[in-house]
Amino acid sequence: MELLISEIFVFPRSTDDRASRGTLACCCGSAGCSLCCGCCPKIRQSRSTRFMYALYFILVVLLCCVMMSRTVANEMKERIPFYEDICKGIKAGDTCEKLVGYSAVYRVCFGMACFFFIFCLLTLKINSSKGCRAHIHNGFWFFKLLLLGAMCSGAFFIPDQETFLNAWRYVGAIGGFIFIGIQLILLVEFAHKWNKNWTAGTATNKLWYAALALVTLIMYSIAAGGLILMAVFYTQKDGCLENKILLGLNGGLCLLISVVAISPCVQNRQPHSGLLQSGLISCYVMYLTFSALSSKPVEVALDEHGKNVTICVPDFGQDLYRDENLVTGLGTTLLFMCILYSCLTSTTRSSSDALQGRYAAPELEVARCCFCFGPDGEDTEEQQNVKEGPRVIYDEKRGTVYSYSYFHFVFFLASLYVMMTVTSWFNYESANIETFFSGSWSIFWVKMASCWMCVLLYLGTLVAPLCCPSRQFSV
């Protein structure tokens with residue numbers, strides 16, 4: 001394809017023209033993406049491909065945020081001449097109500113989810129980057145952008161919109177919870193892998209014992225400190241019974257998993273189980289608890305002077321929300337950066353293997369501080385490979401670095417998770433991006449459920465070998 005394009009468009013041999021030819025081959029052919037910029041550093045094909053799909057994901061997420069913004073809708077209505085006539089002309093309603101709000105986000109995310117699901121099916125069982133399907137996955141970015149735009153736009157023409165939205169809402173909820181579940185499974189796997197790797201180093205160097213003890217102490221200190229601070233700021237002497245119960249319950253669960261992790265019966269079956277894993281899980285439980293409490297709708301009560309005052313929130317909480325636009329912008333940016341990070345870290349080969357129950361043998365572990373990567377980095381291919389495009393290193397000649405199909409499946413689930421998160425889950429009718437961080441019962445209970453699910457998953461990895469002694473468990 002690259003050669004065909006080169007023959008159709010006769011390029012001179014200068015450096016700039018070679019870069020232009022490579023950019024055209026990247027966007028319209030099967031060449032690896034060089035990020036369309038000659039000044040960019042050298043990049044592996046596997047990473048550039050993931051970057052481009054992530055960029056498409058970000059563009060659609062930004063569009064969803066704009067659609068959920070009440071401020072943007074009002075500004076467009078005030079500043080665009082003949083706004084109502086334009087809306088009627090494109091059959092979007094008198095005030096373009098079909099292009100804003102939760103229903104528009106549902107339609108756009110439906111298109112993005114279909115886009116990633118189609119590529120998930122298209123890339124099943126690809127083990128080499130040399131095949132035709134692999135070329136489609138790694139190139140043709142301009143046509144993919146057109147396809148994504150067409151699918152997101154086409155969702156607005158689905159007949160019987162009311163039935164579609166009601167059905168798609170439940171599909172989104174299921175997919176969103178599956179996405180959360182995958183992240184929690186990988187977190188538990190990460191905790192076990194961390195402890196197993198550092199424990200392997202104690203056989204040759206006793207300093208690894210000190211490293212394990214120090215990190216464990218730090219994590220338990222963070223968890224305990226977080227619990228104490230939440231008890232101080234999110235409870236009061238009189239009232240806040242619900243917050244007190246939840247803090248006591250989650251604190252008790254952290255104590256329970258710590259005791260179970262070092263119990264003799266668990267140690268006999270899983271010698272690698274220890275306080276490092278339970279400390280990491282405890283930190284994450286405290287984080288989810290804090291996130292849930294901060295997402296809880298504000299409670300108002302009358303004081304002794306008959307004035308409405310907020311209760312069960314920090315006294316400085318009102319100051320944080322003085323600039324509504326600043327909080328919304330920063331909060332939304334951080335939220336979707338975390339979602340994107342979760343997507344990319346969940347699609348590595350090791351994560352895919354972990355979800356399928358495939359782990360490295362303990363005797364093959366080599367203790368490293370950066371244990372997430374191999375001794376020579378993420379990719380096992382040689383650094384200097386033949387360059388077939390500008391500034392692109394083709395690092396998948398021997399085999400794929402990550403599972404293409406699983407990569408698209410995770411982004412499919414992430415599309416559903418974004419759809420539900422932006423529309424406040426089951427609070428969709430009154431949702432908008434400006435009040436996203438002001439509190440919602442739906443978001444509160446989703447985060448609390450995630451917290452308890454994480455504890456249950458970790459307990460399951462500890463108790464399962466005791467319940468099924470005949471089976472071999474490896475974590």
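Up top is the structure these notes are about.
It should be emphasised that the depicted structure is a prediction, and the values quoted were computed from it without experimental measurement.

Student: I would appreciate a short explanation of the overall build of the protein chain in the present structure.
Tutor: A count of helices and strands for the protein chain gives 18 helices and four strands. Relative to its full complement of 475 residues, the protein chain shows a buried share of 45%. Considering only residue pairs separated by 6 or more positions, the protein chain has 75% of its internal contacts joining residues 24 or more positions apart.

Student: When you look at a nonpolar patch on the surface in this model, what are you seeing that I'm missing?
Tutor: A cluster of nonpolar residues, F51, L55, I58, L59, L62 and L145, forms a patch on the protein surface that exposes about 500 Å² of accessible area. With five residues, the top contributor of residues to the nonpolar patch is helix α3 (residues 45-67).

Student: Explain empty space enclosed by the protein to me, please; I cannot follow it from the model alone.
Tutor: Space left empty within the atom packing is revealed by a probe, the size of a water molecule, rolled over the atoms. A full pass over the atoms with the stated rule returns one cavity of 30 Å³ or more. Each pocket or cavity is described by its volume, and for the largest cavity that value is around 60 Å³. Lining of the largest cavity is provided by Y234, N243, L293, K296, P297, V298, E299, I311, C312 and V313. Class assignment of the residues belonging to the lining of the largest cavity gives a composition of seven nonpolar, one polar and two charged.

Student: I would appreciate a short explanation of the pattern of salt bridges in the present structure.
Tutor: Pairing between side chains of opposite charge can happen when their charged atoms approach one another. The final tally for this structure, using the stated rule, is one salt bridge. A salt bridge links K296 to E242; its shortest N-O distance comes to 2.7 Å. Residue K296 is found in the loop between α13 (275-294) and β2 (299-302), and its partner E242 is found in helix α11 (residues 241-261); the two are separated by 54 residues along the sequence. The class for E242 is partly exposed, based on a relative accessible area of 33%.

Student: Got a minute to help me understand the nonpolar core in this structure?
Tutor: Most often, soluble globular proteins have nonpolar side chains that are buried together. Counting 98 residues, the largest nonpolar core has F57, V105, F115, F116, F179, I281 and F411 as its most contacted members. If we skip the residues at most four places from it in the chain, I281 touches L187, V188, I257, C454 and Y458.

Student: How should the packing of α11 against helix α18 (residues 441-467) be read in this particular structure?
Tutor: Two quantities define a packed helix pair, namely the angle between the helix axes and the distance between the axes. Following both chains from N to C, one finds α11 and α18 inclined at 15°, their axes separated by 10 Å at the closest point. By the angle class used here, α11 and α18 are roughly parallel. For α11 against α18, the interelement crossing comes out left-handed. Of α18, the residues touching α11 (which contributes E242, L246, L249, N250, L253, L256, I257, V260 and A261) are W441, F444, W445, M448, C451, W452, V455, Y458, L459 and L462. Considering only residue class, the contact of α11 with α18 consists of 17 nonpolar, one polar and one charged.

Student: Can you walk me through the layout of surface pockets in this structure?
Tutor: The computed volume of the second largest pocket comes to approximately 660 Å³. Listing elements by their share of the lining of the second largest pocket, those giving two or more residues are α3, α4 (70-79), α5 (83-89), α6 (102-122) and α8 (141-154). Among the residues making up the lining of the second largest pocket, the classes are represented as 23 nonpolar, three polar and three charged.

Student: What am I meant to see in the packing of aromatic side chains here?
Tutor: Geometrically, a pair of aromatic rings is defined through the distance of the ring centres and the angle of the planes. Here the structure, examined in full by the defined rule, presents 30 aromatic pairs. Ring centres 6.4 Å apart and planes at 10° place the aromatic pair F164 and W168 in the stacked group. Of the two residues, F164 and W168 are both situated in helix α9 (residues 161-201); the distance of four residues between them amounts to about one turn of the helix. The burial state of F164 is the same as that of W168; both residues are buried. Among the aromatic residues, those joined into a cluster by ring pairs are Y53, Y56, F57, F115, F116, F119, W141, Y402, Y404, F407 and F411. For R50, the ring lying beneath its charged end belongs to Y402, and the centroid distance is 4.5 Å. Above the plane of the ring of W141 lies K144, whose end atom (NZ or CZ) is 3.9 Å from the centre.

Parameters and conventions
- Residues numbered from 1 in each chain as written.
- Predicted model: local features only at pLDDT ≥ 70, side-chain atom pairs only at ≥ 80, totals over all residues.
- Heavy atoms only, no water.
- Helix = DSSP H or I, 4+ residues; strand = E, 2+ residues; numbered from the N terminus.
- Buried < 20%, exposed > 50% of the residue type's maximum accessible area, 1.4 Å probe, protein only.
- Contact = heavy atoms within 4.5 Å.
- Patch = residues over 30% accessible without salt bridge, like charges linked within 9 Å, V, L, I, M, F, W, Y side chains within 5 Å.
- Areas by Shrake-Rupley, 256 points an atom, 1.4 Å probe, with all protein chains shown as cover.
- Salt bridge = Lys/Arg side-chain N within 4 Å of Asp/Glu carboxyl O.
- 1 Å grid on protein atoms, 1.4 Å probe; cavity = no way out; pocket = protein on both sides within 12 Å on 5 of 7 lines; lining within 4 Å.
- Points joined across faces, edges and corners; volume = space filled by probe spheres on them.
- Nonpolar A, V, L, I, M, F, W, Y, C, P; charged D, E, K, R; others polar.
- Core = buried A, V, L, I, M, F, W, Y, C linked by side-chain atoms within 4.5 Å.
- Axes fitted to C-alpha atoms, helices over the stretch in contact; angles between N-to-C directions.
- Parallel < 35°, antiparallel > 145°, perpendicular 65-115°, else oblique.
- Left-handed = near helix turned anticlockwise from the far one by under 90°.
- Phe/Tyr/Trp six-rings, centres within 6.5 Å; stacked < 30°, edge-to-face > 60°.
- Lys NZ or Arg CZ within 6 Å of the ring centre and 35° of its normal.

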